[in-house]
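This is what each chain is made of:
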Amino acid sequence: MKPFTYERAASPAQAAAAAIQMPGAKFIAGGTNLLDLMKLQIETPAHLIDVNRLALDTIEPTQEGGLRIGALVSNTDLAADARVRRDYGVLARALLAGASGQLRNKATTAGNLLQRTRCPYFYDTDQPCNKRHPGSGCSAIGGVTRQLGVIGTSDACIATHPSDMAVALRALDATVETVKADGATRRIPVAELHRLPGDTPHVETVLEPGELITAVLLPAPVGGTQIYRKVRDRASYAFALVSVGAILQHDGTGRIALGGVAPKPWRVEEAEAELPNGPRAFTTRLMAGARPTRDNAFKVALAERTLGAVLNEARG
Amino acid sequence: MHSHSEPGLSRRDLLVAGAATVAGSAATGPAHAQDAVNTSSMDTVPRAPVHAPVRFTVNGREHALELDTRTSLLDALREHLHLTGTKKGCDHGQCGACTVMVDGVRINSCLTLAVMHEGADVTTIEGLGTPDRLHAMQAAFVKHDGYQCGYCTPGQICSAVAVLDEIKAGIPSHVTADIMATPEFSVDEVRERMSGNICRCGAYSNIIEAITEVAGRAA
Ligand SMILES: Cc1cc2nc3c(=O)[nH]c(=O)nc-3n(C[C@H](O)[C@H](O)[C@H](O)COP(=O)(O)OP(=O)(O)OC[C@H]3O[C@@H](n4cnc5c(N)ncnc54)[C@H](O)[C@@H]3O)c2cc1C
Ligand code: SF4
Ligand code: FES
Ligand code: FES
């Protein structure tokens, strides 16, 4: 690990301002992703701003009837919250399907959204990787790609976003609330938070330098049957090959987001009109333009079957 | 560098090493906190190790340390406080050998910095019980042969104690069938909740038996 200076942030605005004043600064929350990457020198911040003591660890009702989840609420606390379990089951289920008990106790809402890819070549610092070293090339393309993305990818990067929680938040139409370095606040739909790689896979979100996530806002509950189904290589403590976050209504309508297939939670609202026509029709629309590799073409079929299983489960 | 000793600081605490680290890089302009390119360009700036004070309680004893900011909580426990019961397996959050309790909650001590734990209350395997006064979970692991080489065992035991607390606290798991219901102890629940603790020797079935016995006793 490279040496770094360390400070405890006093307020969200101060943290954001400090992040652009100090060269090479990064926020640290749970640290479960950042420290992993710092040990491998994939991340080499010169300064860490510890945001853990900011009072951003509560879940409050909003005037619109939804919930405001503080950026520092742990994944465990969020999944265990009675309101989340009752009204946003897909979110509780997605959180519980991720990582391990120990990690969920530390992992935070904002940190989970901003965790970086698990592409094995991104982790292997001996290999070229456009995300780690822009312009160095993508080792995954032509390499072992079983875990990697099938849609939304580019010729520069085919990595997936690994978060389970983000898939549920996308299905729930959640919004991220931030404070920028100049103290201004804004709201960003989760749908727009993560960028597709294009030619610049190292730029992963629309957040500006120093911009701090302060909360995630859930709209008023929409009811329905909420399911999170994760398919992975072992029954627990593994990242998704494919996951489906679903909110299904009795009239056959619904909202579906997929994990494990794309550089961001994958949802195509227009495709949802096809839901009453069955999983094949829906998946064909959802995955239109997919560019799987030989190793991960199975993900397209797996997505359709997982969705079929979810629709069956919803019908009871 | 200024020093501080009071836990639970509210003021801004800027711990800057030698002026060289910061001043030497100030000319590079604003940092892009979310931008990988910019942070990796920091590699060219030579950096000296930075030390910072931190105080926390471990197994009921308060410690004041002056640590390299890079020190994980795990390394602070093992290398600085010589509490070597907590083990380092992977150092990347993948095995659970380093599991300890911080403020009553189990975490991987390898994936957190010691300096982040100002004022914290840490419990390690040494704090659960002693050789002549074993914690019920320690005794059950011995009775049921819940280990072979024993390397994963301190982490397994800390995790197991926390798992029973988590079930009691009503925290659901991936295998809890009705997410609104209060979770109940079952072998499936324990398997899922213990999945963050890997045992290379494969002592899993005996580990489950040990935990089941303690859960029965506690119920
Ligand atoms: C072995 C292992 C298995 C895992 N399995 C899964 C899994 O199955 N599913 C899954 O979804 N995840 C999994 N994870 C990932 C885990 O969920 C993430 O590491 C965790 O959610 C990150 O949260 P954190 O608070 O620790 O983030 P940190 O590591 O503290 O931060 C991550 C990033 O977010 C930035 N950041 C943090 N807070 C803020 C903020 N408020 N505003 C702006 N930027 C911020 C940091 O600067 C950093 O870049 C796994 C991790 C490990 C180690
Ligand atoms: S897929 Fe993306 S993260 Fe993986 S090696 Fe290629 S550029 Fe790097
Ligand atoms: S040493 Fe911490 S999880 Fe393996
Ligand atoms: S007893 Fe050897 S690793 Fe678990």
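Everything quoted here is computed from the prediction, not taken from an experiment. (Residues numbered from 1 in each chain as written. Chains lettered and ligands numbered in written order. Predicted model: local features only at pLDDT ≥ 70, side-chain atom pairs only at ≥ 80, totals over all residues. Heavy atoms only, no water.)

A.B. asks: Whenever I open this one, the overall build of chain B confuses me. Can you help?
C.D. replies: If you tally the helices and strands in chain B, you get eight helices and six strands. Along chain B, from the amino end to the carboxyl end, the secondary structure elements read β-α-α-β-β-α-β-β-β-α-α-α-α-α. Burial status across chain B gives 53% buried among its 219 residues. Considering only contacts within chain B whose residues lie at least 6 apart along the sequence, 53% involve residues at least 24 apart. Approximately 9600 Å² of chain B is accessible, and the part contributed by carbon and sulfur atoms is 53%. (Helix = DSSP H or I, 4+ residues; strand = E, 2+ residues; numbered from the N terminus. Buried < 20%, exposed > 50% of the residue type's maximum accessible area, 1.4 Å probe, protein only. Contact = heavy atoms within 4.5 Å. Areas by Shrake-Rupley, 256 points an atom, 1.4 Å probe, with all protein chains shown as cover.)

A.B. asks: I tried to follow the interface of chain B and chain A on my own but got confused; where do I start?
C.D. replies: The figure often quoted for interface size is the accessible area lost as the parts come together. Counting residues at the interface gives 71 residues for chain B, matched by 68 residues for chain A. When the two sides are added together, the surface that chain B and chain A hide from each other amounts to roughly 5600 Å², 56% of it contributed by carbon and sulfur. For the pair chain B and chain A, the number of links is two salt bridges. The salt bridge involving Asp91 of chain B is made with Lys39 of chain A; its shortest N-O contact spans 2.9 Å. Linking chain B with chain A are 28 residue pairs in polar contact (both at pLDDT 80 or more). (Buried area = accessible area lost by both parts, 1.4 Å probe. Salt bridge = Lys/Arg side-chain N within 4 Å of Asp/Glu carboxyl O. Polar contact = N/O pair within 3.5 Å; in protein donor to acceptor, adjacent residues only side chain to side chain.)

A.B. asks: Would you mind going over the site of ligand 1 with me for this structure?
C.D. replies: In the vicinity of ligand 1 there are 36 residues, among which Phe27, Gly31, Thr32, Leu34 and Thr108 of chain A approach most closely. Residues close to ligand 1 are split across chains A and B. The separation between an oxygen atom of ligand 1 and a polar main-chain atom of Phe27 of chain A is 2.6 Å. Between ligand 1 and Ala238 of chain A there is a distance of 3.4 Å, counted from an oxygen atom to a backbone nitrogen or oxygen. Computed on the free molecule, ligand 1 has an accessible area of 980 Å², of which 98% lies beneath the protein chains in the complex. Going through the elements one at a time, β2 (25–28), α7 (109–113) and β8 (212–218) of chain A are the ones with two or more residues in the shell around ligand 1. Split into classes, the residues belonging to the shell around ligand 1 amount to 16 nonpolar, 15 polar and five charged. (Near = heavy atom within 4 Å. Nonpolar A, V, L, I, M, F, W, Y, C, P; charged D, E, K, R; others polar.)

A.B. asks: Just to check I follow, could you spell out the nonpolar core for this structure?
C.D. replies: The tendency in soluble globular proteins is for nonpolar side chains to be buried side by side. Membership of the largest hydrophobic core comes to 54 residues, with the highest contact counts inside it found for Ile49, Val51, Leu78, Leu91, Leu169 and Leu218 of chain A. Apart from residues no more than four positions distant in its own chain, Leu169 of chain A is found in contact with Leu91, Leu113, Ala174, Val190, Val216 and Leu218 of chain A. Membership of the second largest hydrophobic core comes to 25 residues, among which are Met137, Ile167, Ile207 and Ala215 of chain B. (Core = buried A, V, L, I, M, F, W, Y, C linked by side-chain atoms within 4.5 Å.)

A.B. asks: I would appreciate a short explanation of the domain arrangement of chain B in the present structure.
C.D. replies: Residue and element names in this part refer to chain B. Along its sequence, chain B is carved into domain 1 (1–14 + 49–127) and domain 2 (129–214). A C-alpha centroid distance of 24 Å is found between domain 1 and domain 2. On the domain 2 side, the residues contacting the 15 residues of domain 1 number 16 residues. Carbon and sulfur atoms supply 53% of the area that domain 1 and domain 2 bury against each other, a total of about 1300 Å² over both sides. (Domains from an automatic or database assignment.)

A.B. asks: Where do I start with helix α1 (residues 12–21) of chain A in this structure?
C.D. replies: Residues lying three or four places apart along an α-helix face the same way, a consequence of the helix completing one turn every 3.6 residues. Residues of α1 of chain A that are buried: Gln14, Ala15, Ala16, Ala17, Ala18 and Ala19 of chain A. As for α1 of chain A, its buried residues are in contact with β1 (5–8), β2, β3 (47–50), β6 (175–179) and β8 of chain A.

A.B. asks: What's the story with the site of ligand 2 in this structure? I'm lost.
C.D. replies: Residues in close proximity to ligand 2 total 13 residues, the closest being Cys119, Cys129, Cys138, Cys157 and Ile158 of chain A. Considered class by class, the residues forming the shell around ligand 2 number ten nonpolar, two polar and one charged.

A.B. asks: Is there a simple way to think about the sheet that holds β6 of chain A in this case?
C.D. replies: Consider a sheet: its strands pair through backbone hydrogen bonds, and that pairing is either parallel or antiparallel. Residues and elements named next belong to chain A. With respect to topology, five strands assemble into an open sheet ordered β4-β5-β8-β6-β7, the strand pairing being antiparallel. Each edge of the open sheet carries a strand with a single partner, namely β4 (59–61) and β7 (185–189). Each adjacent strand pair in this sheet contributes to an overall mean axis angle of 25°, direction not counted. Pairing of β6 with β7, which is carried by five bridges, proceeds in the antiparallel orientation. Opposite Val176, over in β7, you have Ile188 as the bridge partner. Across the sheet, α1 is in contact with β6 and β8; its angle to β8 comes to roughly 130°. (Pairing = 2+ DSSP bridges. Axes fitted to C-alpha atoms, helices over the stretch in contact; angles between N-to-C directions.)

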